[in-house]
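Chain and residue survey
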Amino acid sequence: MNLTITSTALKILLKSLLLFALAAFVLQSCSDDDDDVVVGAPVISNFEVGSADEHGDEDHADDDHADEDDHAHEGEVHKGEGMHVGADILAQVRVSSITLEIDGHDIVAAAGEVEWEFEQVYTDPKYLVLNPEFHEDIQIPANIPSGEYHVKLTVTDEAGNSTVAEADVDIVDEEETV
């Protein structure tokens, strides 16, 4: 039995195979699996608020002279001095902004004092990366009322996810320190 294929039949067969292969490739490439990727919100850890003097640039975790008294006034800041705000941020996509807010909702200013609120959006290149370390020292005015202020750190990523970390800090005159 001799099988002969004419050139016309061969062309039709090759075109059919090529069309079938192209259709299979196109259908495979249009999978919905790529659209189902869920990106989690950034995670804020090691959120610190306190006196800038207590939180210098050096790492105190390795300090052989670490003492419990070193943290006696953590969460307390003196008027007219710097306040350290720090946090480690873990993000699955690049961070798009970090917002720091400080306010004293129920604090009433006395004579010679002014009400104070702070809000700043950080878009510095050092923060617009994956997993940045946030570190800022905020100058506290000397003429604000003493009291408990609320600190709020909001991290937003490029996917639109955001996470908030909150803490309270006592802002006092230096002579008010116990």
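Presented here is an overview of the structure given in this document. Note that this is a predicted model, so its numbers are computed, not measured.

Take the nonpolar core next. Formed by 29 residues in total, the largest nonpolar core has its most connected members in Met83, Ile98, Trp116 and Phe134. Elements with a contribution of two residues or more to this core: strand S1 (43-51), strand S3 (82-90), strand S4 (95-103), strand S5 (118-122), strand S6 (133-139), strand S7 (147-157) and strand S8 (162-172).

A few words now on a nonpolar patch on the surface. Taken together, the side chains of Leu13, Leu14 and Leu17 present a nonpolar region at the surface, about 300 Å² in accessible area. Inspection of the secondary structure puts Leu17 in helix H1 (residues 7-29).

Moving on, we get to the pattern of salt bridges. Summed over the entire model, instances satisfying the criterion amount to three salt bridges. Where Lys79 meets Glu113, a salt bridge forms, and the shortest distance between an N and an O atom there is 3.4 Å. Of the two residues, Lys79 sits in the loop between strand S2 (76-78) and S3 while Glu113 sits in the loop between S4 and S5, which places them 34 residues apart along the sequence. With a relative accessible area of 12%, Lys79 lands in the buried category. Lys126 is the partner of Glu136 in a salt bridge, and the nearest nitrogen-oxygen pair spans 3.9 Å. Placement of Glu136 in strand S6 and of Lys126 in the loop between S5 and S6 is noted, with a sequence separation of 10 residues between them. In this structure Glu136 comes out as buried when scored by relative accessible area, which is 15%. What emerges from the salt-bridge pattern is a single network uniting Lys79, Glu113 and Asp173.

About the criteria used
- Residues numbered from 1 in each chain as written.
- Predicted model: local features only at pLDDT ≥ 70, side-chain atom pairs only at ≥ 80, totals over all residues.
- Heavy atoms only, no water.
- Core = buried A, V, L, I, M, F, W, Y, C linked by side-chain atoms within 4.5 Å.
- Buried < 20%, exposed > 50% of the residue type's maximum accessible area, 1.4 Å probe, protein only.
- Helix = DSSP H or I, 4+ residues; strand = E, 2+ residues; numbered from the N terminus.
- Patch = residues over 30% accessible without salt bridge, like charges linked within 9 Å, V, L, I, M, F, W, Y side chains within 5 Å.
- Areas by Shrake-Rupley, 256 points an atom, 1.4 Å probe, with all protein chains shown as cover.
- Salt bridge = Lys/Arg side-chain N within 4 Å of Asp/Glu carboxyl O.

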